[in-house]
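An overview of the molecular structure
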Amino acid sequence: MRKIIAMMSFMFLSSVIASGCSTTSTGGQPNGDQPGSQNNASPVTLEVASSGIGATMDEEFQKVVQQFLAKKYPHITLHFNPESGSTTLDALLAAGTVPDLFVTFNGALAGFKDRDLLFDMTPLFKQANVDLGRFENNYMTDVKNASPTGELYGLPINVNYHAMYYNKGIFDKFGVPYPKDGMTWEELIELARNVTRTDGGTQYRGLDPGNNQVWMSQPLGVAAVDPKTDKATMNTDQWKRVFELGKAIYSIPGNEAISGTPKDQFMKTKTLAVLLDLNILTQLTTAQKDGLDWDIAQYPSYKERPNTYGNASVYVMTATKTSKHHEDAVKVIDLITSEEVQLALSKIARLSPLKSTQVKQALGSDNPLLKDKHLPSIFKSVPVAYPIASQYRSKAESIGATKFKEVVGGKLDVNTALRQADEEIDKMVSAEKGGK
């Protein structure tokens, strides 16, 4: 009898040990995906590069990501290549160094298809049980629009928004009410007239729309070049409205376009009352320490497109097609886009692509300098759907910007400028195609 009991005990103990060594957790996920469970995995360093994302992956971003990565996947090391000099994405590719991961905005993503960097990551995400339902639908659509067949080249890790920033000190100086949410362009221009003044020998400008004609055009859904035909599309009534709007802004006496950057005028010299820009909260809090008394309001709208701003510029992280570490790359992308990491990034004022209300409400909460700012104003408008753009979009918009500057500078009338823009864009496209 003792032999039978001993044998049964041994069998029971063996089964417990066997179950404890199983490679699958109760949730159906590999144990390797649990915090700290990758200690026995082979160390790997993934090279990360970027293109056209500015300060999105700055030291603050990297610190948050590295903190969570070390906790969950200690075998993975990320090496972030600065977007400058010999470590820009283009420079790395020219040198034959293809990174494992790269980040760019959705408008530029399609351009990397011809460079054999992109592939449909959907099967990899499915295999790793990545929850694609946690993202806002419009941001996922924006990413998929980079592919003509709806392939998913990567996942959104951060998004830009458009907002109205204003210098409270200038409005207080002249006794003018602050900008408010829900303003139309016309209402904002009238408000700007009231704070465009010379005082004590200093010229104060009321408003700068930022980025020439581009951001003003986006809410209307217009493009400089047709993505299907590659024909110029600027000589239209909608573009005429955009150019005339810009002319009305810069024609306010004393509010003429400046040679320096509007951002410096707003944050450094503090002589610009209203700046329309993207998410620059980190820069603003730095300027606040230097005396800038600012706040935020909802981006202005066209009357027929209320509560709508321009393209969101979704920043997408993707694994490169030739990387030998796709499995680990997916782990990194999944981690960065997890609610836990996105919550931490939201707290340092990075706008998240997730649906989570908790993540949205946490925006900027770790920065005491943002405590009394009207950050909820950001969410009162929504971005337009990101356009399926021609590969010649960037160069076409550059031509449009030149013509826009000539209009606001009084060198060309609007009709002539738009006609010339179309002619020059068509010539540019023809030359580009002829060189291929």
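Computed from a predicted structure; not experimentally measured.

Definitions and limits used
- Residues numbered from 1 in each chain as written.
- Predicted model: local features only at pLDDT ≥ 70, side-chain atom pairs only at ≥ 80, totals over all residues.
- Heavy atoms only, no water.
- Helix = DSSP H or I, 4+ residues; strand = E, 2+ residues; numbered from the N terminus.
- Buried < 20%, exposed > 50% of the residue type's maximum accessible area, 1.4 Å probe, protein only.
- Areas by Shrake-Rupley, 256 points an atom, 1.4 Å probe, with all protein chains shown as cover.
- Pairing = 2+ DSSP bridges.
- Axes fitted to C-alpha atoms, helices over the stretch in contact; angles between N-to-C directions.
- pLDDT = per-residue confidence, 0-100.
- Contact = heavy atoms within 4.5 Å.
- Core = buried A, V, L, I, M, F, W, Y, C linked by side-chain atoms within 4.5 Å.
- Left-handed = near helix turned anticlockwise from the far one by under 90°.

**Considerations on the overall build of the chain**
Scanning the chain from terminus to terminus reveals 17 helices and 12 strands. Here the C-alpha coordinates of the chain stretch approximately 105 × 55 × 40 Å along the principal axes. Per-residue burial over the chain gives 49% buried out of 436 residues. Total accessible area on the chain stands at roughly 20800 Å², and carbon and sulfur atoms take up 52% of it.

**Re the sheet that holds strand S11 (residues 314-319)**
Taken together, five strands build an open sheet; the order of strands is S2-S1-S3-S11-S4 and the sheet is mixed. Two strands in the sheet have a free side with no partner beyond their single neighbour: strand S2 (76-80) and strand S4 (155-159). In this sheet, adjacent strand axes meet at a mean angle of 25° when their direction is disregarded.

**Some thoughts on the confidence of the model for the chain**
As a general rule, the predicted coordinates of low-pLDDT regions are not to be interpreted in detail. Summary statistics for the chain give a mean pLDDT of 89 and a share of 91% for residues scoring 70 or more. Taken as a whole, residues 1-32 scores under 50 in pLDDT and shows 14 contacts with residues more than four places along the chain or in a different chain.

**Structural notes on the nonpolar core**
If you look at the biggest cluster of nonpolar residues, it comprises 129 residues, and the most contacted ones within it are Leu-78, Leu-101, Tyr-165, Met-317 and Ile-425. With seven residues, the top contributor of residues to this core is helix H17 (residues 414-434).

**Quick look at unusual backbone geometry**
One non-glycine residue, Lys-270, lies in the positive phi region at around 60°. Mapping Lys-270 onto the fold places it in the loop between helix H11 (262-267) and strand S8 (272-277).

**Quick look at the packing of helix H2 (residues 59-72) against helix H13 (residues 326-336)**
In the contact formed by H2 and H13, the axes pass within 10 Å of each other and the chain directions differ by 120°. Every pair of crossing elements has a handedness; the one defined by H2 and H13 is right-handed. Between H2 and H13, the residues in contact are Phe-61, Val-65, Phe-68, Leu-69 and Lys-72 and Val-332, Leu-335 and Ile-336, respectively.

**Here's the deal with helix H14 (residues 339-347)**
Those residues of H14 that sit buried are Val-341, Gln-342, Leu-343, Ala-344, Leu-345 and Ser-346. The inward-facing, buried residues of H14 contact H2, S4, H13 and helix H15 (357-361). Directly beyond the C-terminal end of H14, a positive phi value near 75° is found at Ala-349.

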